[in-house]
Amino acid sequence: MANAAVGDDVYRDDPSVLALEERTAELLGKEAALFVPSGSMGNQIAILCHTERGDEIIAGEGAHCAFYEAGAAAAWSGVQFAFAGKGGLFTADDVLAAIKPTAYYMPRTRLVAVENTHNRAGGRVFPQADVLAIAEVARAHGLALHLDGARLWNASVASGLPLASLAAPFDTVSLCFSKGLGAPVGSVLAGSAAAMTRALRFRKMLGGGMRQAGVLAAAAIYALDHHRGRIADDHVAARVIAEAMAGVAGAHVEPVETNIVNVDTPAVPADRVVQAARDRGVLIGASAPHRVRVVTHLDLTRDDLAWTAEALATALRDATAGAPAGGAA
Ligand SMILES: Cc1ncc(COP(=O)(O)O)c(C=O)c1O
């Protein structure tokens, strides 16, 4: 980062940013890409590009762009969401059921947003056959398609499909360097050259035009060069942790597909498990009152894996054992 060649990206002459954008566009099979500070900004710029005020977006339950972006789609684009399917993933039939009839008094369905992997669903990979069927329905109804691919790296490793194949059905794709790839900051939005010209203007409106951003792009380039190859390790680590936690009575561990483990703790508040894990030196999160979420990443080394899995299982066991008889406190 310290040695990065930099310019001024607001003038679009930062060589490191431009190199990262070009490389990412190629990886995704899109004409162009735009570096943005965060995945949230990438998603919100895409929504601004595809919609008008009063429009509706079809998305899966718990979609990040609806659930975790501070109501930005309502605030900046003036749109609302219709949720398709159950649990985050959905099918072409779910999209058909969610499309509003054309009438002046109804919201206009305009965009379908797919999240792959799906965060709240526990890092589940969106089946590509469903994506293709959804895209066909969307096209037939004149709807745009956005892929929230914050963890598309993980989806690619788990499915064995190249990033470009996963991205192909979509008009725009957002992708993060700051998650499993381990860069401190940064995401991209990719799509057609025309879409990225529009996106550049929205990026500026949202305050995402950065000057010597090459220092950040350099970290993302480093992550691409050095960290992509080890994403599979995170998936193995998640499975090891899931197996250890699955042995604890009173908790339900969801099947693991990538680097996220969701554990339901019906008998104890999730916060209690989070605190018990913290006491043993492992940081995890609560994603619902009775659900904890464990995410593996490159800072969890192979040497740390065994004791981490054991610590989490013990934390879960102790928190569950301390629960009052008959269920949640
Ligand atoms: C699926 C998904 N999309 C978008 C984002 C937003 O990324 P950022 O935190 O960089 O805004 C996240 C963050 O966790 C995410 O999980």
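Residues numbered from 1 in each chain as written. Predicted model: local features only at pLDDT ≥ 70, side-chain atom pairs only at ≥ 80, totals over all residues. Heavy atoms only, no water.

A. Summary view of the sheet that holds strand β2 (residues 55-60). If you walk across this open sheet you meet the 7 strands as β1-β7-β6-β5-β4-β2-β3, and the pairing is mixed. The open sheet is flanked by β1 (32-36) and β3 (80-84), the only strands paired with a single partner. Across the sheet, the mean angle separating the axes of adjacent strands is 25 degrees when strand polarity is ignored. Where strand β6 (residues 172-176) lies against strand β7 (residues 187-191), 4 bridges are found, and the strand directions are antiparallel. Bridge assignment links Leu175 to a residue of β7, and that residue is Val188. (Pairing = 2+ DSSP bridges. Helix = DSSP H or I, 4+ residues; strand = E, 2+ residues; numbered from the N terminus. Axes fitted to C-alpha atoms, helices over the stretch in contact; angles between N-to-C directions.)

B. Region of the structure containing the sheet that holds strand β11 (residues 291-295). A sheet is described by the order of its strands in space; here 4 strands give the open sequence β8-β9-β11-β10, paired in antiparallel fashion. A strand with exactly one partner marks an edge of an open sheet, and here the two such strands are β8 (252-253) and β10 (285-288). Pairing between β10 and β11: 3 bridges, direction antiparallel. Among the inter-strand pairings, Ala286 is bridged to a residue of β11, identified as Val292. Set on the sheet, helix α11 (residues 231-246) makes contact with β8, β9 (260-264) and β11; between it and β9 the angle comes to about 15 degrees. Across the sheet, helix α12 (residues 270-279) lies against β10 and β11, angled at about 170 degrees from β10, the strand it touches most. (Contact = heavy atoms within 4.5 Å.)

C. Expanded view of the packing of α12 against helix α13 (residues 302-321). Two elements in contact, α12 and α13, have axes whose closest approach is 8 Å; the angle formed by their N-to-C orientations is 135 degrees. Here α12 is positioned oblique relative to α13, judged by the angle of their axes. Judged by the sense of rotation from one axis to the other, the crossing of α12 with α13 is right-handed. On α13, the residues touching Arg272, Val273, Ala276 and Ala277 of α12 are Leu312, Ala315, Leu316 and Ala319. (Parallel < 35°, antiparallel > 145°, perpendicular 65-115°, else oblique. Left-handed = near helix turned anticlockwise from the far one by under 90°.)

D. Representation of the site of the ligand in the model. Around the ligand, the neighbouring residues are Ser38, Gly39, Ser40, Asn43, His64, Glu69, Glu115, Asn119, Asp148, Ala150, Arg151 and Lys179. Take Arg151: an N or O atom from its side chain is 2.7 Å from an oxygen atom of the ligand. When the ligand sits alone it has 390 Å² of accessible area, and the protein chains cover 82% of it. Class assignment for the residues of the shell around the ligand results in 1 nonpolar, 6 polar and 5 charged. (Near = heavy atom within 4 Å. Polar contact = N/O pair within 3.5 Å; in protein donor to acceptor, adjacent residues only side chain to side chain. Areas by Shrake-Rupley, 256 points an atom, 1.4 Å probe, with all protein chains shown as cover. Nonpolar A, V, L, I, M, F, W, Y, C, P; charged D, E, K, R; others polar.)

E. Geometry of the confidence of the model for the protein chain. Mean pLDDT over the protein chain: 96, with 98% of residues reaching 70 or higher. Here residues 325-329 is a poorly scored stretch, pLDDT under 50, and it has 6 contacts once near neighbours within four places are set aside; other chains count. (pLDDT = per-residue confidence, 0-100.)

F. The arrangement of α11 in detail. For α11, with 16 residues, the first-to-last C-alpha span of 23 Å sits near the 22 Å given by 1.5 Å per residue. Turning to α11, its buried residues number three or more, namely Ile231, Asp234, His235, Ala237, Ala238, Ile241, Ala242 and Met245. Seen end-on, α11 carries its buried residues on one side only, within an arc spanning 160 degrees. Its buried side turned inward, α11 meets α7 (152-159), β8, β9, β11 and α13. (Expected span 1.5 Å × (residues − 1). Buried < 20%, exposed > 50% of the residue type's maximum accessible area, 1.4 Å probe, protein only. Arc of directions from axis to C-beta.)

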